[in-house]
Structure formats: structure tokens, C-alpha cells
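# Coordinate analysis (summary)
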Amino acid sequence: MSASFRKYVFMTLDQLLILIIIAITIALFIWGPWRHDMVALSSLLACVFFGLIPPEKAFTGFGHPAVVTVACVLILSRGLQNTGAMGALAQRVVPRSGNITVSMLLLTGLGALLSGFMNNVGALALLMPVAADMAEKQGLAPGKVLMPLSFATILGGMTTLIGTPPNLVVSGFRDSAGAGSYGMFDFTPVGLAVTLVGLLFIGLLGWRLVPGRGQAGASSFDTGTYLTEALVGEKSAAVGKSLGEIGKVLGAEDAQVVGLVQSDARVAAVAPWQRVQSGDILVIEAEPASLAASLTRLGLTMVGGAETEKDKKVVVQLGGAKPLQDEDSRDKSKDKSVPAGEEMQLRELVVMPNSILVGRSTQFLHLSTNYQINLLALSRRGRRSVKRLRSTPLQAGDALLMMGPDNHLNRFAREQGCVPLAQRDIGMPNKEKAVIALLAMALGVAGAAFGLVPAAVSFATCVLAFMALKVVPLRNIYEALDGSVIVLLGTLIAVAEVMESTGAADLVAQVLLDSLAQGSSVLALVLILIVTMTLSDFMNNVATAAVMCSIAISTAEQLAVNPDSFLMAVAIGSSCAFLTPVGHQNNTLILGPGGFDFGDYWRMGLPLEILVVLVSIPMLLWVWPL
């Protein structure tokens with residue numbers, strides 16, 4: 001019996017309990033039945049109920065400097081976007097046409113630069129319309145631009161302390177260990193080297209490995225197939241036909257019927273011989289390009305996800321997108337569902353990972369009443385739902401086909417956390433506020449970089465300046481916060497500290513050293529990096545950093561080497577989620593717009609992760625010698 005195995009046999013009850021809780025937490029993160037913040041909160045409460053954390057100290061993690069700094073950076077990122085300065089910069093820096101390699105390098109380089117000083121999800125969202133325009137003018141499938149941009153913004157986050165939340169978590173654990181927190185640019189030597197090599201790979205070769213979903217030169221993103229609801233009118237050619245006959249007609253346009261609604265109730269099992277009547281609703285699956293032709297052939301009217309029959313004032317008559325009104329609505333000028341004199345627009349919006357729409361259905365939003373817009377269709381790559389559109393819970397990465405006046409669509413996207421898939425006009429930036437925002441941000445970075453004040457205090461001061469000078473409207477301050485990230489950080493910091501206080505982290509580190517690293521500090525460093533990267537591909541990167549930091553510190557202590565090497569390995573590994581769409585919010589965000597499948601990410605992601613290991617290990621040993 002090996003020494004490491006004997007330690008497992010004779011572990012204390014507290015060690016056994018925390019390891020079981022951590023194992024279940026990781027399994028739930030990977031399996032994904034609950035949101036990450038729910039899993040993290042459950043883990044914290046389990047520690048409290050089993051006596052591992054005193055109740056009075058359960059929520060001390062929310063006062064941790066890393067949590068405060070992340071909250072401040074989210075608000076500051078919103079301010080930089082609101083001024084329009086970053087959008088204007090992107091419009092000028094990135095050429096849409098010309099040499100494709102140059103355009104790709106400039107786009108990804110700008111994305112990496114922005115994500116070093118602002119939230120990387122915000123940086124990606126800011127540049128997505130630019131990427132759309134570039135893909136169209138270069139004759140590329142949108143995914144070939146979106147995935148490189150997503151990976152570049154993830155890489156750029158590892159270059160500074162505030163670039164990505166895992167860096168702040170790592171810094172917090174170093175401070176808790178008594179070595180002090182990291183400085184603003186302590187991550188830069190290793191992070192910048194990895195980022196530059198990664199960007200060169202992406203710009204020269206990587207983007208060519210991305211599957212080309214959709215037609216080159218398409219005017220919109222390939223969002224996969226859309227599910228839409230089509231009303232069978234009295235004069236429709238579908239009246240009296242069987243579903244089998246309708247299926248043959250739609251099949252010519254690569255569309256199919258996947259559901260039937262009669263008397264506002266879904267027919268559980270549709271049969272080919274079932275006859276369609278006037279007033280029925282067909283749930284049709286079709287590609288975006290053939291959606292209009294599919295419905296026109298049968299004279300169907302797209303009604304989308306209207307909340308009730310009375311809400312179906314805005315529909316699309318295929319063959320000419322325009323608003324239709326029923327007889328009652330023509331007599332009710334006060335009805336706001338189709339605002340008079342306003343041109344109706346069709347727009348594709350994608351649900352961002354931090355959107356308040358995630359997990360909610362549109363029937364609770366009352367779109368026609370609150371926004372005077374309608375949901376016409378929904379696209380969810382890789383999974384088909386045949387529920388009513390109005391009752392389908394939305395997920396991050398879903399593409400929504402919306403119709404309504406332009407200003408109403410913009411308000412909906414802004415308030416509900418969506419980003420347009422097509423190029424939008426970038427208005428003139430507010431130069432005065434842009435200067436204020438950039439100056440305040442520069443002072444905040446300088447204060448943290450030169451150690452004048454702690455990072456949390458420095459950036460909190462910047463937030464106060466943004467509020468006082470109205471760079472971010474006061475009513476929007478808390479909308480900029482991603483509550484799930486704050487809860488995730490605040491809870492898991494406390495849980496990870498239990499790993500250290502009970503000695504469980506020492507136990508895991510010893511087993512890894514004895515069974516795999518064989519006592520070699522370099523092999524142990526490689527192992528910590530690879531394990532962290534693997535976990536980050538399947539669970540939230542903040543959670544990965546919180547779990548691995550304690551193990552990294554314990555490993556370094558047992559080897560009597562510099563813990564900074566191992567903590568920096570955790571920071572790098574947590575920021576390298578390139579194999580799946582679930583490892584990082586940016587990868588989730590491009591899943592629908594890029595038309596990707598789950599297995600598409602590894603084609604460019606796996607070579608990139610191998611490259612990261614090859615570059616980062618020598619850099620870690622040089623910059624942070626053992």
C-alpha cells in the first residue's frame with residue numbers, strides 16, 4: 001500500500017466531507033443542470049450545514065478584494081462601451097477588406113488589447129458587429145472570424161491583473177497565503193508571450209482550421225435552423241391538406257413541420273395524415289435563407305412568439321416584410337403594438353451569457369406591450385425544442401429573430417442583454433465622456449500598478465468618478481454587474497479556503513506528486529497547468545481557479561519551491577478554455593451566431609492549447625523560477 005493511498009484511508013472526516021463536496025460541485029459544473037452560481041451557493045451552504053464553515057463567516061467571501069475588483073471592472077467596461085470610444089476605435093483600426101491575414105491579425109490583436117483592460121465578454125460583444133462586416137466583405141463564413149475573435153479576447157485577458165476574474169482569484173489566494181497580492185502587470189511577461197504566440201497562430205493558420213458553417217459572403221450569421229410559428233390563414237394553400245402533403249411542399253425548401261398547435265394547445269404527436277385547418281399554427285424548422293420561401297409557398301403567415309392571440313398584431317407577410325394588422329387593430333389607433341409612422345425592421349439578436357433572459361421565456365416579457373416588438377423565430381444550435389416559442393426558456397447563445405421599430409429593438413437589446421448579429425451603425429462617440437472615461441481608467445490602472453492603493457480601492461474610486469461624472473447613467477450602474485459571477489466568486493472563495501484549512505489540498509497535492517509527478521517540480525508544474533486547462537474546458541474558469549489555487553500552493557510547499565510558478569500556471573490554465581463552448585462565456589456567445597456544433601471548437605482549440613503549454617512552461621520557469 002503506497003503512502004499516498006494510506007493517507008486517503010486515514011483522512012479526517014472534515015477532509016472527506018470537503019473532498020466529497022468539491023467532487024459533487026465539479027460534477028454539477030460539468031453536467032450543467034443548474035447555473036454556475038446556484039451550484040457554487042449550494043456548495044457553500046453544504047459546507048455550512050456540515051460544520052466546515054461557521055455560519056457567521058459563510059459570506060465573508062463577498063467582501064474579498066477580488067470580488068470588489070471584478071464588480072468594479074464590469075462597471076468600468078460598461079462605461080468604456082457607453083462612450084462610443086472603443087467602437088469608433090474598432091471602426092478605424094480594423095480593415096474590412098484587403099489582405100485577409102492582416103485584417104484577422106488586426107481584429108484579434110485589438111480584441112486581445114481591449115480584453116486586457118475591460119471585461120472580455122464586453123470586448124467580444126463590442127467587436128462582433130465589426131467581425132460580421134469583415135466576414136461578409138472577405139467572403140468568409142462568419143464562424144471563421146468569430147471563433148478567432150473569441151479566442152483572442154480570452155488570451156488577452158491573461159495579460160493583466162484585471163483582464164480576467166481568474167487572475168484576481170489567483171492574486172487573492174497569494175495574498176491569503178501571506179505573500180501579498182500580485183501587481184497590475186505581474187501577469188504580463190508570461191501572459192503577453194502566450195498571447196502574442198497565440199495571436200500569430202490564430203491569424204496565420206488557426207482561422208483556417210475553423211469549420212466553415214454557412215455560405216461564404218452570407219449577409220448574416222449562420223445561426224443554424226430557425227424554429228418559427230406560422231399561422232394557417234383562411235386563404236392559405238395549406239387549409240385541408242395533410243401534414244404529409246405540407247411536408248412534401250416544405251421539403252423542396254429544406255424545411256419541415258416539427259409541431260402543430262390547434263386551439264392554442266400543442267398536438268403531442270403529429271401524424272402525416274392529420275389535416276390542417278384554418279387558424280392552426282404550424283411549428284416549422286427551416287434555414288434562415290429559405291425561411292421566407294418556405295412559408296410563401298403555402299401562403300402562411302409568421303406569427304412567432306406572441307404572448308396571446310391579442311398580441312399577434314405584428315406579423316411578417318413573406319414576400320415583403322411589413323407589418324400586418326387585424327381588423328380590430330385598424331380601428332384602435334391607440335394600440336401600441338405597431339407604432340404608427342415607424343418603419344419595421346427585422347433583426348437577429350443573440351442572447352449573451354449574462355443576459356437576464358437566460359432561463360426565462362418571452363411570455364413573461366410581454367414584448368408587444370413593453371417594447372412594441374415581436375419574437376418571430378428562435379435558433380438554437382445543436383438542440384431542437386418544439387415547445388411554443390412563447391414558453392421556451394431561452395439559453396445563452398440563442399439567436400432571436402425580432403421585428404419592430406429600430407429604436408425599440410435597440411432598447412430591448414440594451415436592457416435585456418442581447419447583441420445584434422449584423423453590423424450596426426456606430427454613432428459619433430461622446431468625446432468629452434470618452435476622455436473622462438479613458439483618463440479615469442488610466443489613473444485607476446496607474447494607482448494599482450504602482451502600488452499606491454490596493455486594486456480594489458483604485459478601481460472603486462474609478463467607479464465613483466464614472467458615477468459622479470455620469471459616464472455610466474446611475475440607473476444602469478447595477479445593470480452592468482454580472483450577478484452570477486459575483487455570487488460564484490464570493491461563495492467559492494470561502495469553499496476553497498476550507499480545502500486549505502482542513503488539509504484536503506495538501507492531501508490531493510501529495511497524491512498528484514507521488515502518483516504522477518514522481519517528485520519532479522517541473523513535471524508537477526506541467527501537471528498543474530494541464531489539469532487546470534482541462535477543468536477550465538468543462539467548468540467555469542473562476543471555479544477552476546478557486547479549486548486549483550489551494551492545490552497549487554500545497555504542491556509548491558511540499559516541493560519547497562516558489563509557489564508563484566504554480567499560481568501563475570493556474571492563472572494561465574484557467575484562461576485557456578478553447579476546446580468546448582461551455583468553458584468560457586465568450587465561446588458560448590458565438591455558438592449560435594457562428595453556427596457551431598459542440599465538437600467544432602477543438603479543431604483550432606487543441607493546437608492552441610498545446611501551443612500554450614509549450615510557450616508558458618519555459619516562460620514560467622524563466623520569469624518565476626522554481
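The paragraphs below set out a description of the structure included in this document. If you're wondering where the values come from, they're calculated on a predicted model, not measured in any experiment.

This next bit is on the overall build of the chain. Within the chain one finds 24 helices and 9 strands. Out of the 626 residues belonging to the chain, those deemed buried represent 57%. Across the chain, contacts joining residues at least 24 apart in sequence account for 79% of those joining residues at least 6 apart. Split by element, the accessible area of the chain, about 25200 Å² in all, is 60% carbon and sulfur.

This paragraph deals with the environment of L606. On the secondary structure map, L606 appears in helix α24 (residues 602–623). Considered as a pair, L606 and T580 are 26 residues apart in the sequence and their alpha carbons are 10.0 Å apart.

For the rest of this paragraph, the subject is the nonpolar core. The biggest cluster of nonpolar side chains holds 148 residues, and the ones touching the most others in it are I18, F459 and F566. The dominant element in this core, judged by the number of residues it contributes, is helix α21 (residues 541–559), at 12 residues. Those residues in contact with F566 that lie beyond four places of it in its chain are S521, A524, L525, I528, A552, T555, A556, L559, V561 and L626. L260, A286, M302 and M403 belong to the second largest nonpolar core, which has 21 residues in total.

If you check helix α3 (residues 36–49), its first and last C-alpha atoms are 20 Å apart, about what 14 residues at 1.5 Å a residue would give, namely 20 Å. Inspection of α3 places D37, V39, A40, S43, L44, A46, C47 and V48 among the buried residues, and these make up the whole buried set. Buried residues in α3 make contact with α2 (13–31) and α18 (483–501). Count one or two residues on from α3 and you reach G51, which has phi positive near 80°.

On to unusual backbone geometry, then. Of note in the backbone geometry, K470 takes a positive phi value of approximately 60° without being a glycine. Its location among the elements puts K470 in the loop between α17 (455–468) and α18. Phi angles above zero are rare outside glycine, and A560 is one such case at about 60°. Looking at the element boundaries, A560 is found in the loop between α21 and α22 (563–574).

This part is about the packing of α22 against α24. Two measures define how a pair of helices packs: the angle their axes make with one another and the distance between the axes. For the pair α22 and α24, the least separation of the axes is 10 Å and the interaxial angle reads 155°. The orientation of α22 relative to α24 falls into the category roughly antiparallel. For the crossing formed where α22 meets α24, the hand is right-handed. Of the residues in α24, those in contact with S565, M568, A569 and I572 of α22 are V612, S616 and L620. Taken together, the residues of the contact of α22 with α24 sort by class into 5 nonpolar, 2 polar and no charged.

Side chains of E497, E500, D506 and E557 sit close together on the surface and give a patch of like negative charge. With respect to the helices and strands, E557 occurs in helix α21. What makes E557 exposed here is its relative accessible area of 55%.

This part is about helix α10 (residues 188–204). In this model α10 runs 23 Å from its N-terminal to its C-terminal C-alpha over 17 residues, within 8% of the 24 Å that 1.5 Å per residue would give. Buried within α10 are the following residues: T188, V190, G191, A193, V194, T195, G198, L199, F201, I202 and G203. Against α6 (100–115), α8 (143–156), α22 and α24 lie the buried residues of α10.

Evaluation of the coordinates by the stated rule reveals 4 salt bridges. When the shortest N-O distance is used, the salt bridge between R603 and D600 registers 4.0 Å. Judged by its relative accessible area of 39%, R603 falls in the partly exposed class.

So, on to the side chain of D537. Within the fold, D537 resides in helix α20 (residues 521–538). Although D537 is buried, it makes no salt bridge; R603 carries the closest opposite charge, 15 Å away. From its side chain, D537 meets the backbone nitrogen of F578 in a polar contact 3.0 Å long. Polar contacts involving the side chain of D537 include one to the main-chain amide nitrogen of L579, which spans 3.1 Å. Ignoring sequence-local partners within four residues, the contact set of D537 consists of C576, A577, F578, L579, T580, V582, G583 and E609.

The rules behind the values
Residues numbered from 1 in each chain as written. Predicted model: local features only at pLDDT ≥ 70, side-chain atom pairs only at ≥ 80, totals over all residues. Heavy atoms only, no water. Helix = DSSP H or I, 4+ residues; strand = E, 2+ residues; numbered from the N terminus. Buried < 20%, exposed > 50% of the residue type's maximum accessible area, 1.4 Å probe, protein only. Contact = heavy atoms within 4.5 Å. Areas by Shrake-Rupley, 256 points an atom, 1.4 Å probe, with all protein chains shown as cover. Core = buried A, V, L, I, M, F, W, Y, C linked by side-chain atoms within 4.5 Å. Expected span 1.5 Å × (residues − 1). Axes fitted to C-alpha atoms, helices over the stretch in contact; angles between N-to-C directions. Parallel < 35°, antiparallel > 145°, perpendicular 65-115°, else oblique. Left-handed = near helix turned anticlockwise from the far one by under 90°. Nonpolar A, V, L, I, M, F, W, Y, C, P; charged D, E, K, R; others polar. Patch = residues over 30% accessible without salt bridge, like charges linked within 9 Å, V, L, I, M, F, W, Y side chains within 5 Å. Salt bridge = Lys/Arg side-chain N within 4 Å of Asp/Glu carboxyl O. Lys, Arg positive; Asp, Glu negative; His and termini not counted. Charge placed at Lys NZ, Arg CZ, Asp CG, Glu CD. Polar contact = N/O pair within 3.5 Å; in protein donor to acceptor, adjacent residues only side chain to side chain.

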